Amino acid sequence: MIALRCVVLVAGALLAACGADSALTLKLEDVQFFKAQQSRPGELLLSGLAFHSALAVERIDSVRQEDAIQVNVMLVPAKAGMSGSFTYALPLDDKVDRVTFGDAETLVWRRDGGVVRRP
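This one's a predicted model, so the numbers in the text were calculated from it and none came from an experiment.

Focus: the environment of Leu49
Its location among the elements puts Leu49 in strand 3 (residues 43-50). Expressed as a C-alpha distance, the spacing of Leu49 and Val31, which sit 18 residues apart in the sequence, is 5.4 Å. Other than its neighbours up to four places away in sequence, Leu49 contacts Asp30, Val31, Gln32, Phe33, Gly84, Ser85 and Phe86.

In structure tokens, the structure reads:
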């Protein structure tokens, strides 16, 4: 019971910190089992698991910025039927040179080098 209260308090604090109507953007460093792979020509498949037990993926946004695409996985307090895992098929046209992840814009793919390996 005490552990459940802690989870509820942490989820409430995260919700208050990011605003009542806002989602939290997942950071790459908080993703377990992150995978970026070219599943077929013109498509990058991104997948992983958010390392936040009280949060779940609400949606995935991608924003075009000139020759780059920024991918943001948006988290909200978990509810029944929601999960922290995600899989996202990102179409890549000939004008995209790099793909970044999260607000920190961590590089995960570039045209001249493919998938960027994490240390």
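Details of the environment of Pro91
Its location among the elements puts Pro91 in strand 6 (residues 85-91). Residue Pro91 is classed as exposed on the basis of its relative accessible area of 58%. In the structure, Pro91 is positioned 48 residues away from Glu43 in sequence and 4.5 Å away in space, judged by C-alpha atoms. Here Pro91 is in contact with Gly42, Glu43 and Ile69, once residues within four sequence places are set aside.

Let's talk about the pattern of salt bridges
Two side chains of opposite charge can pair, provided their charged atoms sit close to one another. Under the criterion given, the structure shown has seven salt bridges. Here Arg59 makes a salt bridge to Asp61, at a shortest N to O gap of 3.1 Å. Of the residues examined, Asp61 reaches a relative accessible area of 25% and is grouped as partly exposed. With a closest N to O distance of 3.6 Å, Arg111 and Asp97 form a salt bridge. Here Arg111, found in the loop between strand 8 (106-110) and strand 9 (114-115), pairs with Asp97, found in the loop between strand 6 and strand 7 (98-101); they are 14 residues apart in sequence, far enough to count as distant. For Arg111, a relative accessible area of 38% corresponds to the partly exposed category. The exposure class of Asp97 is partly exposed, given its relative accessible area of 34%.

Quick look at the nonpolar core
In this structure, Leu26, Phe34, Phe86, Leu90, Leu92, Val99 and Phe101 are the most contacted members of the largest nonpolar core, which totals 23 residues. Breaking this core down by element, the ones donating at least two residues are strand 2 (31-40), strand 3, strand 4 (55-65), strand 5 (68-77), strand 6, strand 7 and strand 8. It is strand 5 that provides the largest number of residues to this core, a total of four residues. Those residues within four positions of Leu90 in sequence are excluded, and the remaining contacts are Gly42, Glu43, Leu44, Ser62, Ile69, Val71 and Val99.

Remarks on the packing of aromatic side chains
One pass over the full model with this rule turns up two aromatic pairs. Look at Phe34 and Phe101: their rings are 5.5 Å apart centre to centre, the planes differ by 70°, and that puts the pair in the edge-to-face class. Taken together, the residues Phe34 in strand 2 and Phe101 in strand 7 connect sequence positions 67 residues apart. In this structure an aromatic cluster arises from ring pairing among Phe34, Phe86 and Phe101.

Focus: unusual backbone geometry
Despite not being glycine, Glu66 shows a phi value in the positive range, around 55°. Structurally, Glu66 is set in the loop between strand 4 and strand 5. Of note, Glu105 is a non-glycine position whose phi angle comes to about 55°, a positive value. Inspection of the secondary structure puts Glu105 in the loop between strand 7 and strand 8.

Criteria and cut-off values
- Residues numbered from 1 in each chain as written.
- Predicted model: local features only at pLDDT ≥ 70, side-chain atom pairs only at ≥ 80, totals over all residues.
- Heavy atoms only, no water.
- Helix = DSSP H or I, 4+ residues; strand = E, 2+ residues; numbered from the N terminus.
- Contact = heavy atoms within 4.5 Å.
- Buried < 20%, exposed > 50% of the residue type's maximum accessible area, 1.4 Å probe, protein only.
- Salt bridge = Lys/Arg side-chain N within 4 Å of Asp/Glu carboxyl O.
- Core = buried A, V, L, I, M, F, W, Y, C linked by side-chain atoms within 4.5 Å.
- Phe/Tyr/Trp six-rings, centres within 6.5 Å; stacked < 30°, edge-to-face > 60°.

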